[in-house]
Amino acid sequence: MASQRLESLDSIRGLAALAVLLGHTLAVFDWPEIYTSWSQWPIFNMMVDGRSAVTMFFVLSGFVLARPFLILPGKAMYVPAFYLRRIARIWLPWFFVFLASLAACRWLMFDGQTHPPVSSWLTGFWHESLSWKDLGKQLIFQLHDPSRLLLPQDWSLGVELKGSALMPIFLIMARQRLYWLWFGICALLFFIFIPTGSYYISFIIGVLLARHPVWVEKLKTMDFHRKLTLLLLGIAGYETRWFLNHFDEHGRWADQSVWIVTSFGCAMIILASLSSRRIGGFLIKRPLLFVGQVSYSVYLLQFIVLICFTPVIVHQLNFTSIGTLGLFIVALSSSFALTLALAWMVYRCVEMPSITFGHWLSRH
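### A few points about the overall build of the protein chain
Point 1. Per the secondary structure count, the protein chain includes 18 helices and zero strands.
Point 2. In terms of C-alpha radius of gyration, the protein chain reaches 21 Å, essentially the compact-globule figure of 21 Å for 364 residues.
Point 3. Judged by the C-alpha coordinates and their principal axes, the protein chain covers about 65 × 50 × 40 Å.
Point 4. Per-residue burial over the protein chain gives 51% buried out of 364 residues.

Here it is as structure tokens:
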């Protein structure tokens, strides 16, 4: 049925979360260039491109949030219940990890020496003293200084909540006869007048994708080579930022334009995964489904692991004869393994109860 959960999308979200984690893990130490240069190659860059991964998060959110109300005729959104569920889903797990990060910053910080040394990027976090005002601003995602944030990556969660707040308006526009015109005007206003407006255009693209389930049905009738072509075009769009990064200077307009092109690339990847049995079948393999299931906790927990545990592991291994390549492999694998293990526990003990609480709260 059309209303069933699309597990392949969970896997796409999980792969995007792993890209953020891998990109941050590579940046923890000043590794010899030979170990990290591959991350600048086309296609391989997708594995570490955190900003494009966040673009995928936004397009997926627009699609997943709008889909139940657009595929079922007459299904109405009860706005207060929708907002309560979104706040419980996003903010409650975030608050738990926020408190855990506060404790980790107080008692688990590592200040020893490692070889290779910890990067200046990593030492830019968790070393500033925080005032009560700083903590209060973080609770509503209004602190934008990364050096003072306990979860430096949570800027995207503020966007997620704002995008969720706009969803009732997007749904009203999607049901209009001239919806393309309304969305076009809305996207143009975002692009021109809001410096971060491209983020919300990603949500709009996701809503438009949900508005047209017939696109998936038509694609299903095509041969695999056309679906593969669509996937490759999506990957090319997803990689647009890789091309932009080869220019030394680019301003707001270029960055916003690239974000929008990347969003269309994300939409094509989603379409290919939903229309192709082969692509979708790959995405519903058990390991990918697991990563998709815990992806939000992976996204939240990574800095606790990277700041407090990964340097300790490398420091201890410096007393062995493991070598730099061995250190590189162990640092990456241990960071992934520990983050995934903690993410599974947080998913089971925090995320799932938060979802249940959100549903209970919205019914009372």
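From this point, things continue past the structure.
### Focus on a nonpolar patch on the surface
Point 1. A surface patch of nonpolar side chains, amounting to about 1000 Å² of accessible area, comprises Leu178, Leu181, Trp182, Ile185, Leu188, Leu189, Ile192, Phe193, Ile194 and Trp253.
Point 2. Broken down by element, the nonpolar patch gets its largest block of residues, seven residues, from helix H8 (residues 179-193).
Point 3. Looking at the secondary structure, you find Leu181 in helix H8.

### Focus: the pattern of salt bridges
Point 1. In total, this model carries eight salt bridges according to the counting rule given.
Point 2. Between Asp255 and Arg51 there is a salt bridge, and its shortest N-O distance comes to 3.6 Å. Of this pair, Asp255 sits in helix H13 (residues 252-275) while Arg51 sits in helix H3 (residues 50-71), and the two are 204 residues apart along the sequence.
Point 3. One salt-bridge network, in which partners are shared between bridges, spans Glu128, Asp134 and Arg148.

### Some points on the side chain of Ser362
Point 1. Tracing the chain through its elements places Ser362 in helix H18 (residues 323-362).
Point 2. For Ser362, a relative accessible area of 11% puts it in the buried group.
Point 3. Of note is the side chain of Ser362, whose polar atom sits 2.9 Å from the side chain of Arg85.
Point 4. Here Ser362 is in contact with Ala81, Leu84 and Arg85, once residues within four sequence places are set aside.

### Quick look at unusual backbone geometry
Peptide bonds are, in most cases, trans, and in most cases residues other than glycine have a negative phi.
Point 1. Residue His115 is joined to Pro116 through a cis peptide bond whose omega torsion reads 0°.
Point 2. One non-glycine residue, Ile43, lies in the positive phi region at around 70°.
Point 3. Mapping Ile43 onto the fold places it in the loop between helix H2 (33-36) and H3.
Point 4. Located in the positive-phi region is Phe141, a residue other than glycine, with phi close to 55°.
Point 5. Looking at the secondary structure, you find Phe141 in the loop between helix H6 (132-139) and helix H7 (155-174).

### Describing the side chain of Thr55
Point 1. Structurally, Thr55 can be placed in helix H3.
Point 2. Judged by relative accessible area, Thr55 falls into the buried class, the value being 0%.
Point 3. Discounting residues that sit within four places of it in the chain, Thr55 has contacts with Ser202, Arg241, Trp259, Thr262, Ser263 and Cys266.

### Describing the packing of helix H10 (residues 213-220) against H13
Point 1. Two numbers describe how H10 lies on H13: the axes approach to 9 Å, and their chain directions differ by 55°. The angle between H10 and H13 falls in the class oblique. Considering only the axes of H10 and H13, their crossing is right-handed. Contact residues: H10 offers Trp215, Val216, Leu219 and Lys220, while H13 offers Leu271, Leu274 and Ser275.
Point 2. Taken together, the residues that form the contact of H10 with H13 break down as five nonpolar, one polar and one charged.

### Overview of the confidence of the model for the protein chain
Point 1. When pLDDT is averaged along the protein chain, the result is 94; 98% of the residues meet or exceed 70.
Point 2. When pLDDT is averaged over each helix and strand of the protein chain, the minimum, 86, is found for helix H12 (residues 240-244) and the maximum, 98, for helix H16 (residues 295-308).

### Quick look at the packing of aromatic side chains
Point 1. According to the stated counting rule, one finds 27 aromatic pairs in the structure shown.
Point 2. On the numbers, 5.5 Å between centres and 25° between planes, the contact of Phe58 with Phe203 is stacked. With a gap of 145 residues between them, Phe58 in helix H3 and Phe203 in helix H9 (residues 197-211) connect regions that are remote in the sequence.
Point 3. A relative accessible area of 0% places Phe58 in the buried class.
Point 4. Feature note: the residues Phe58, Trp155, Phe190, Tyr199, Tyr200, Phe203 and Trp259 constitute an aromatic cluster, connected by ring pairs.

Criteria and cut-off values
- Each chain carries its own residue numbering, running from 1 in the written order of its sequence.
- Local features in this predicted model are restricted to residues whose pLDDT is 70 or higher, and side-chain atom pairs enter the listing and the counts only when it is 80 or higher, whereas totals over whole chains, interfaces and linings include all residues.
- Water and hydrogen atoms play no part in the side-chain values, which are based on all heavy atoms of the structure.
- Helix numbering and strand numbering both begin at the N terminus, where a helix is a DSSP run of H or I of at least 4 residues and a strand a DSSP run of E of at least 2.
- Radius of gyration: over C-alpha atoms. The globule rule applied is 2.2 Å multiplied by the number of residues raised to the 0.38 power.
- Only protein chains enter the accessibility calculation, which uses a 1.4 Å probe; a residue is then buried when its area is under 20% of its type maximum, exposed when over 50%, and partly exposed in between.
- Patch membership requires more than 30% relative accessible area and the absence of a salt bridge. Residues of like charge join within 9 Å; the nonpolar side chains Val, Leu, Ile, Met, Phe, Trp and Tyr join within 5 Å.
- Note that accessible areas follow from Shrake-Rupley with a 1.4 Å probe, and for residues the cover is restricted to the protein chains shown.
- Here a salt bridge means any side-chain nitrogen of Lys or Arg lying within 4 Å of a carboxyl oxygen belonging to Asp or Glu.
- Nitrogen and oxygen atoms within 3.5 Å of one another constitute a polar contact, given that in protein one can donate a hydrogen and the other can accept it, and given that sequence-neighbouring residues count only through two side-chain atoms.
- Whether two residues touch is decided by their heavy atoms; if any such pair falls within 4.5 Å, the residues are in contact.
- Here an axis means a line fitted to C-alpha atoms, over the contact stretch when the element is a helix, while the angle between two N-to-C directions is reported on a 0 to 180 degree scale.
- Convention used here: angles under 35 degrees read as roughly parallel, angles over 145 as roughly antiparallel, angles from 65 to 115 as roughly perpendicular, and any remaining angle as oblique.
- In this scheme the handedness of a crossing depends on how the near helix is turned from the far one: anticlockwise by less than a right angle means left-handed, clockwise means right-handed.
- In this count, Pro and Cys sit with the nonpolar residues alongside Ala, Val, Leu, Ile, Met, Phe, Trp and Tyr, while Asp, Glu, Lys and Arg are called charged and the others, Gly among them, polar.
- Along the chain, pLDDT gives the predictor's confidence residue by residue, from 0 to 100.
- When two rings of Phe, Tyr or Trp (its six-membered ring) have centres within 6.5 Å they constitute a pair, described as stacked for plane angles under 30 degrees, edge-to-face for angles over 60, and tilted for the intermediate range.

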